[in-house]
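# Per-entry structural report
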Amino acid sequence: MWDGHLLLLHRSESDRLARLAAWVGRGLDQGEKVLCVEGAEAGNPLFGHLRGCGIDVDAAAEEGRLELLPLEAFSSPGAQDQVVDRALDEGFPALRMSAQADSARTVLTTEAYQDLERRIDRLCRTRPVSAMCRYVRRSTTGQLLRDVVGMHVAGVRDPTLSSGGAGSELVLRGEVDIANVDVLAATLAAALDAAMSSGRDVVRLDLAGVDFLGVSACRAIVEESVAFRDGGGRLVLAGSAPGLLRVLTLVGLPAVPGLELIGWDRPAG
Amino acid sequence: MQAGHPDAPLAASAAHAVALYGSDAELRRMVLPFVREGLHGGEAVVAAVSEQAAAVLCEGLGKARNDVRWAVPGLTYTSLGPASEAVRSYLAEQHEAGTPVRLLAENATGGPAGRTAAYLRLDAVSSEVYGVYGFPWACLYDRRRHPAEVLEQVVQVHPLLLGADGRAAGNGAYVSPEAYLAAHPGPLSPVPPTVALDVTLTTGAELSAVRNRAAAAAGLLGLPVADTRDLELGAGEVIANALEHGVLPCRVRLWGEAGQVVVRVDDRGPGDGVATAGFRRPPLDSRSGMGLWIARQLADVVHVGTGVDGNAVELRFGAVARGGGRDAA
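Keep in mind the model is a prediction, meaning the values are calculated, not measured. (Residues numbered from 1 in each chain as written. Chains lettered and ligands numbered in written order. Predicted model: local features only at pLDDT ≥ 70, side-chain atom pairs only at ≥ 80, totals over all residues. Heavy atoms only, no water.)

## Observations concerning the interface of chain A and chain B
Opposite the 23 residues of chain A that make contact, chain B presents 27 residues. Together, Ile178, Arg219 and Leu250 of chain A form the three largest contributors to the area buried by chain A at its contact with chain B, with a combined 32%. Taken together, the links from chain A to chain B amount to 3 salt bridges. The residue Arg211 of chain B makes a salt bridge to Glu175 of chain A at a minimum N-O spacing of 2.6 Å. Contributions of two or more residues to the side of chain A that touches chain B are made by strand S9 (202–213), helix H10 (215–224) and helix H12 (242–251) of chain A. Per-element tally for the side of chain A that touches chain B: the top contributor is H12 of chain A, with 7 residues. Residues that form the side of chain A that touches chain B fall into these classes: 12 nonpolar, 5 polar and 6 charged. (Contact = heavy atoms within 4.5 Å. Buried area = accessible area lost by both parts, 1.4 Å probe. Salt bridge = Lys/Arg side-chain N within 4 Å of Asp/Glu carboxyl O. Helix = DSSP H or I, 4+ residues; strand = E, 2+ residues; numbered from the N terminus. Nonpolar A, V, L, I, M, F, W, Y, C, P; charged D, E, K, R; others polar.)

So, in structure tokens, the structure goes:
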């Protein structure tokens, strides 16, 4: 849930700090090295917050388990691999790192930023590394949201929606309504794009962990999958919750060509 | 029209008829020709009517009673939105399968005052909503059970009347669904002084928490799990509409009444001014209308009222208490 290459879309400062503290705490509990990449102007307010969340920041920092790194020292090509090498040399089984990525975007050029995200993604897939890239939800919308989600398809963490899965499966958990339907749309679009470019024509959308799907979400599932389905692709919606089946059926998804519902329990009656 | 004779072609003209009966004998005279015509024509005759009416019709049909199906799958009338959707989806399935059907419908569950109004509005739009499937159906209303002003409206929403001899005749008092709905907006219930939930929202980010709080409050009021799920979805969509299309803030109140749970959603906007909003299933890609349509399929009663203070939507969930008057909340 909290590992891999994650995209944290935080709605408020308290949301950001709570999730960051949970993520840091998990890393420390597992004996990993935790690296927080901060802009130089940020100073060290983070430790204060973590301390407030009950994390023994001073001991962790003292022992090198928790470290702050300025963005400049982290973003140059090659620096990320060195950071990982150093953590492993120090005897840590794994490294987790987090950055306020939308601040980084304002400092770096678009190309440099995208390159950095790609390199982090590679590290998360090939080495014992977890990363959490943090974005302010309010200002991450439209094409920016699509770009950012596209780099974290299986690691989206919205306040009420998270994504996972690999290959031809996209797993969603939580709730989708008008507040985050754009996140669902971007996530599904990116997963289907990836499927199309690798020639997969069946994608499974696992909704078993979804507690609520509003009408807007149903519409997004249909609209974002048009190109995939028109190209002969099949999008399989798997789940079990009778409440979800109700909305999917009422909205008319079972009749949409190329959409298939499997594994749903029929509601009683 | 010569449609009343058992062997005369009636189906083509009997799209949405009403039989206003005042006695057992009258019920048989009005309705049995309609039933027999369907049976003779090889149609599946399906009747979802009150127990009393079913008994009277069975007696008149003799052995042929066994050829009539005395229920529509999923239809109970205990909650009007799901009942209406159960009939629609049944007709759609039969249409798809090419099975000719004729239907008898009668809602005898009663309930709070606004419920009859809600039923009449569904009955009004059914001329179109069910009419697209091309099957004849007749609604039964027992004249002894309804006041004169209700009976007057019953006549207004049915294009055809089944006469005392079973003949279907055109109805001069019929008004279009649009005109009927515009003239008869739903009566909003008074909000009790104390409610189980009273919250105000200004952003979509608050929606999830309010939905969950509403579901929890409904559960505490004793609403069954399946109805609570419907409330979460139906009320959630109405609140989403207010947040997206209304003038904020949006106020949500919830209380228990007559064994049901009532959710009222207010915003300060003028509403959409469309009397038929949410009565017809909108196309999947339409930008608006689906939320209210969904709410209408899930709730027992949905009333929309617009006044100087803004737009209000009242939704009632759960099976109505039988013969229910109003409980003090």
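## Quick word on the domain arrangement of chain B
Residues and elements named next belong to chain B. On domain assignment, one finds that chain B holds domain 1 (11–182) and domain 2 (197–317). Each of domain 1 and domain 2 has a C-alpha centre, and these two points are 29 Å apart. Of the residues lining the interface, 20 residues belong to domain 1; the matching set on domain 2 comes to 16 residues. Carbon and sulfur atoms supply 55% of the area buried between domain 1 and domain 2, which totals about 1,400 Å² over both sides. Broken down residue by residue, the surface that domain 1 buries against domain 2 is led by Pro112, Arg121 and Leu181, which jointly contribute 27%. Linking domain 1 to domain 2 there are 3 salt bridges. Between Arg280 and Glu178 there is a salt bridge whose closest N-O contact spans 2.6 Å. When contributions to the side of domain 1 that touches domain 2 are tallied by element, the ones reaching two or more residues are helix H3 (80–97), helix H4 (113–129) and helix H6 (177–183). (Domains from an automatic or database assignment.)

## Remarks on the UniProt feature "domain: Histidine kinase/HSP90-like ATPase" (unreviewed entry) in chain B
Residues annotated in UniProt with the feature "domain: Histidine kinase/HSP90-like ATPase" (unreviewed entry) correspond here to residues 205–316 of chain B. Here residues 205–316 of chain B runs as 39% helix and 27% strand, with 25 Å between its end C-alpha atoms. (UniProt positions renumbered as here; feature names shortened; annotations may be inferred.)

## Observations regarding the sheet that holds strand S12 (residues 310–317) of chain B
Sheet strands line up and pair through hydrogen bonds in the backbone, either parallel or antiparallel. All names here are of chain B. The strand order across the open sheet built from 5 strands is S8-S9-S10-S12-S11, with neighbouring strands paired in antiparallel fashion. On the outer flanks of this sheet lie strand S8 (197–201) and strand S11 (301–307), each paired with one strand and no other. Strand-to-strand twist in this sheet, taken as the mean axis angle between neighbours without regard to direction, amounts to 15°. The sheet contact formed by S8 and strand S9 (residues 250–257) spans 5 bridges and is antiparallel. Each residue of the ladder has a partner; that of Thr200, found in S9, is Arg251. Along the sheet, helix H8 (residues 225–245) makes contact with S8, S9, strand S10 (260–267) and S12, crossing S12 at roughly 170°. (Pairing = 2+ DSSP bridges. Axes fitted to C-alpha atoms, helices over the stretch in contact; angles between N-to-C directions.)

## Considerations on the environment of Ala183 of chain B
Residue and element names in this part refer to chain B. With respect to the helices, strands and loops of the structure, Ala183 is situated in helix H6. Ala183 gets classed as exposed once you look at its relative accessible area, which sits at 54%. In sequence terms Ala183 and Ala275 are 92 residues apart; their C-alpha atoms lie 8.7 Å from each other. (Buried < 20%, exposed > 50% of the residue type's maximum accessible area, 1.4 Å probe, protein only.)

## A look at the UniProt feature "domain: MEDS" (unreviewed entry) in chain B
Within this structure's numbering, the places UniProt gives as "domain: MEDS" (unreviewed entry) are residues 16–159 of chain B. In this annotation, residues 16–159 of chain B is assigned 50% helix and 17% strand; the end-to-end C-alpha distance for the span is 6 Å.

## Thoughts on empty space enclosed by the protein
Any empty space left between atoms is shown by rolling a water-sized probe over those atoms. Tallying each qualifying case throughout the model produces 6 cavities of 30 Å³ or more. Roughly 170 Å³ of internal volume is contained in the largest cavity. In this structure, the largest cavity is lined by 15 residues; those nearest its centre are Tyr77, Ser84, Val87, Tyr119 and Tyr130 of chain B. Counting residues per element, the ones that place at least two in the lining of the largest cavity are H3, strand S4 (101–105), H4 and strand S5 (137–142) of chain B. A volume near 130 Å³ is recorded for the second largest cavity. Of all the elements in the fold, those that place two or more residues in the lining of the second largest cavity are helix H4 (71–75), strand S4 (95–100), helix H6 (101–107), helix H7 (110–126) and strand S5 (129–136) of chain A. The element that contributes the greatest number of residues to the lining of the second largest cavity is H7 of chain A, accounting for 4 residues. Its residues placed into classes, the lining of the second largest cavity shows 13 nonpolar, 1 polar and 1 charged. (1 Å grid on protein atoms, 1.4 Å probe; cavity = no way out; pocket = protein on both sides within 12 Å on 5 of 7 lines; lining within 4 Å. Points joined across faces, edges and corners; volume = space filled by probe spheres on them.)

## Regarding the packing of aromatic side chains
One pass over the full model with this rule turns up 3 aromatic pairs over all chains. Geometry around Trp23 of chain A places Arg96 of chain A over its ring, the cationic atom sitting 4.9 Å from the centre. The residue whose ring lies beneath Arg102 of chain B is Phe34 of chain B, and the NZ or CZ to ring-centre distance is 4.6 Å. (Phe/Tyr/Trp six-rings, centres within 6.5 Å; stacked < 30°, edge-to-face > 60°. Lys NZ or Arg CZ within 6 Å of the ring centre and 35° of its normal.)

## Some words on the nonpolar core
In this structure, Leu213, Ile221 and Leu235 of chain A together with Leu315 of chain B are the most contacted members of the largest nonpolar core, which totals 104 residues. The dominant element in this core, judged by the number of residues it contributes, is helix H9 (residues 181–197) of chain A, at 9 residues. Setting aside residues no more than four positions away along its own chain, Leu235 of chain A makes contact with Leu188, Leu192, Val203, Leu205, Ile221, Ser225, Phe228, Gly258, Leu259 and Glu260 of chain A. Among the nonpolar cores identified, the runner-up in size contains 38 residues, and Leu20, Ala48, Leu80 and Val155 of chain B belong to it. (Core = buried A, V, L, I, M, F, W, Y, C linked by side-chain atoms within 4.5 Å.)

## Quick look at the side chain of Arg229 of chain A
Residue and element names in this part refer to chain A. Positionally, Arg229 belongs in helix H11 (residues 226–230). Look at Arg229: it is buried, it has no salt bridge, and the nearest opposite charge is Asp230 at 5.4 Å. Engagement of the side chain of Arg229 in a polar contact is seen with the backbone oxygen of Pro257, the distance being 2.7 Å. Those residues in contact with Arg229 that lie beyond four places of it in its chain are Val222, Val256, Pro257, Gly258 and Leu259. (Lys, Arg positive; Asp, Glu negative; His and termini not counted. Polar contact = N/O pair within 3.5 Å; in protein donor to acceptor, adjacent residues only side chain to side chain.)

## Thoughts on the pattern of salt bridges
Using the criterion set out here, one finds 40 salt bridges over all chains in the structure. Between Arg204 of chain A and Glu169 of chain A there is a salt bridge, and its shortest N-O distance comes to 2.4 Å. Of this pair, Arg204 of chain A sits in strand S9 while Glu169 of chain A sits in strand S8 (residues 169–176), and the two are 35 residues apart along the sequence. Residue Arg204 of chain A is classed as partly exposed on the basis of its relative accessible area of 30%. Taking the relative accessible area as the measure of exposure, Glu169 of chain A reaches 29% and is therefore partly exposed. For the salt bridge of Glu85 of chain B with Arg88 of chain B, the shortest nitrogen-to-oxygen distance reads 2.9 Å.

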